[in-house]
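Here is what each chain is made of, one letter per residue.
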Amino acid sequence: MRTAYSVENVRAAEREAMARLPEGALMQRAAAGLAAACAGLLPKVYGARVVLLVGPGDNGGDALYAGARLARRGAAVTAVPADPGRVHGGGLAALRAAGGRLSAAVPDRADLVVDGLLGIGGRGGLRPAAAALAERIPPGAPVVAVDLPSGVDADTGEVAGAAVRADTTVTFGAYKPGLLVDPGAGLAGEVRLVDIGLDPAALGTPAAAALEDADLATLLPRPGAASDKYSRGVVGVVAGSAQYPGAAVLSVAGALRGGAGAVRYVGPAHEEVLARYPETLIGRGRVQAWVVGPGLGGDRAAEAAQALAEPVPVLVDADGLRGLDPAVLRARTAPTLLTPHAGEAAALLGVPRADVESGRLAAVRELAGRFGAVVLLKGSTTLVCDGRGPVRVNPTGTPWLATAGSGDVLSGLAGSLLAAGLPAADAASAAAYLHGLSAGRAAAGAPLLAQEVAAAIPAAWRAVHGS
């Protein structure tokens, strides 16, 4: 699992490391890792034209020391400061001693550009002078960001103004949440972590975490020799309407493909569901979890309320999210999982959708706290928050999931994992991960339908388990 830490925690760990290491050791370690990454991106270092965009802080110092290392290997290194009167003295001296030069203007051509304008303490986007340099990055030149792309908020991923778009980000000591969460993640490119010797204990509690295949493999349930449909989990699906019968079909598909022992369907689309999935049980009965809301329409609130009144986990999506009463959810004794997209989250919070899109971490935390539920916030970066531990960031998302019905499949898939006994945060995280893997496999670079995502779930499951 990749864990990301707040700026405050990273700074504390850096102070602890500086107290036990020789002066300047952290910066030299960072510069060495940065230089190695830059060298690996160049066809050859000797003769390569490297441009450093340099801010006044330690971020600029990292870039200058790394530039000095590249210059000693024969690269033609040019540093362009955002403020010529405020340049890291030691870094500039090292660059000049290695044969690098300072320039007031960004060269027209470069084989590599290093973004060292703004560090992890920056807020509010790039200032005008730095933004002007970023705008002059030579077209086609690969960009390597130092620690994170300048203009991205390290703690949230928010971008409040001009920002650098990097092809590669070399981050030091620990991941930062802004590298995992959009819109910042979309500007970071490939993220490489350089170990500079921070003590993991000094980093404290992560602010965010991203699952990997090995983590998912430990979460996904596997039936044993004595398993039956009830021990594997029976999930009830309250979905679909005369206007949206497909939502019922796709939710049931996600639940069945997600390994449910059985699926009970409640709603008016039972003929459509049975035509596709004759193994579906029709009508209320014994279940281990409910999925409520996909394509429900506005006149079936009583059915949603009935599911929430039962002492089993309930996933609420789409139309089921309308008019939710936080007091009702907070009074439940069984877990509740909410799965809104940005528009639905904005309605629940009473804020503009743009506020949710630009501040996804804050929005998912606020929803979890207000409703006393686990929240899966769908979007360009899908987030899962239980209101206690680190926010989980799904790394497998793909733009191909922006297709009608894919959210219905996700609801059924997550519901099946709830019914199998997974805690709500684990069920949500595993479902989002599998959902993204499935879409990637089904799309393979081409448009896809939600039913194809559902059909690809078993193959994604096998890939994770390695069998």
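Position numbers for residues count from 1 along each chain, tracking the sequence in the order it is written. The predicted origin of the model limits local features to residues at a pLDDT of at least 70 and limits the giving and counting of side-chain atom pairs to 80 or more, whereas totals for whole chains, interfaces and linings rest on all residues. No hydrogens and no water enter the side-chain calculation; it runs on all heavy atoms of the structure.

What follows deals with helix α19 (residues 450-465). For α19, built from 16 residues, the straight-helix expectation of 22 Å at 1.5 Å per residue is met to within 8% by its first-to-last C-alpha distance of 23 Å. The principal kink in α19, of about 35 degrees, is found at Ile 457, preceding the proline Pro 458 by one to four residues. Relative accessibility decides the category of a residue: with a 1.4 Å probe and only protein chains considered, values under 20% of the type maximum give buried, values over 50% give exposed, and everything between is partly exposed. Secondary structure counts use DSSP, requiring at least four H or I residues in a row for a helix and at least two E residues in a row for a strand, with both numbered from the N terminus. Every buried residue belonging to α19 is among Ala 450, Val 453, Ala 454, Ala 456, Ile 457, Ala 460, Trp 461, Val 464 and His 465, and all of these are buried. Structurally, α19 contributes buried residues whose contacts are with α8 (213-219), α10 (245-257), α17 (406-419) and α18 (424-443). In this analysis, the expected span of each helix is defined as 1.5 Å times one less than the number of residues it contains. Two axes define the bend at a residue: one fitted to the seven residues ending there, one fitted to the seven starting there, and the bend is the angle between them. The contact criterion used is simple: two residues touch if any of their non-hydrogen atoms lie within 4.5 Å.

In this description, strands pair whenever DSSP reports at least two bridges between them. Read from one edge to the other, the open sheet built from eleven strands follows the order β1-β9-β18-β17-β16-β15-β14-β13-β10-β11-β12, with strand pairing classed as mixed. Every other strand in the sheet has two partners, leaving β1 (2-4) and β12 (281-282) as the edge strands with one partner each. Here β1 pairs with strand β9 (residues 208-210) via three bridges, running antiparallel. Of the residues in β9, the one forming a bridge with Arg 2 is Ala 210. Angles here are taken between N-to-C directions and fall from 0 to 180 degrees, while the axes themselves are lines fitted to C-alpha atoms, restricted in helices to the stretch in contact. Strand contacts of α17: β10 (234-238), β13 (289-292), β14 (314-316), β15 (336-338) and β16 (374-377), with the helix running at about 165 degrees to β13, the strand carrying the most contacts. Its contacts with the sheet place α18 against β15, β16, β17 (383-385) and β18 (391-393), and it is angled at close to 15 degrees to β16.

The next subject is the packing of helix α14 (residues 342-349) against helix α16 (residues 360-371). At a minimum axis distance of 11 Å, the contact between α14 and α16 shows a crossing angle of 50 degrees. In this view, α14 runs oblique relative to α16, as classed from their interaxial angle. Judged by the twist between their axes, the crossing of α14 over α16 is left-handed. Facing α14, whose interface residues are Ala 345, Leu 348 and Leu 349, α16 presents Ala 363, Glu 366, Leu 367, Arg 370 and Phe 371. Here the term charged refers only to Asp, Glu, Lys and Arg, the term nonpolar to Ala, Val, Leu, Ile, Met, Phe, Trp, Tyr, Cys and Pro, and the term polar to all other amino acids, Gly among them. Classifying every residue of the contact of α14 with α16 by side-chain character gives six nonpolar, no polar and two charged. Note that the term roughly parallel is reserved for angles under 35 degrees, roughly antiparallel for angles over 145, roughly perpendicular for angles of 65 to 115, and oblique for everything else. The sense of a crossing depends on the near helix, which, turned anticlockwise from the far helix by less than a right angle, makes the crossing left-handed and, turned clockwise, makes it right-handed.

Attention now moves to empty space enclosed by the protein. Here a cavity is any set of points on a 1 Å grid over the protein atoms alone where a 1.4 Å probe fits but cannot get out, and a pocket is any open set with protein on both sides within 12 Å along at least 5 of 7 lines; a residue lines the site when it has an atom within 4 Å of a point. Grid points are joined across faces, edges and corners, and a volume is the space filled by probe spheres set on the points. Taken as a whole, this structure holds one cavity of 30 Å³ or more when the rule is applied. Here the largest cavity is characterised by a volume of approximately 60 Å³. What lines the largest cavity is simply Leu 211, Thr 382, Val 384, Arg 392, Val 393, Asn 394, Pro 395, Ser 429, Ala 432 and Tyr 433. Listing elements by their share of the lining of the largest cavity, those giving two or more residues are β18 and α18. In terms of residue count, α18 provides more of the lining of the largest cavity than any other element does, three residues in total. Looking at the lining of the largest cavity residue by residue, the class counts come to six nonpolar, three polar and one charged.

All right, on to the environment of Gly 297 then. Structurally, Gly 297 can be placed in the loop between β13 and α12 (301-308). Residues Gly 297 and Asp 319, 22 residues apart in the sequence, show an inter-C-alpha distance of 6.2 Å.

Purely spatial values, then, with no claim about function.
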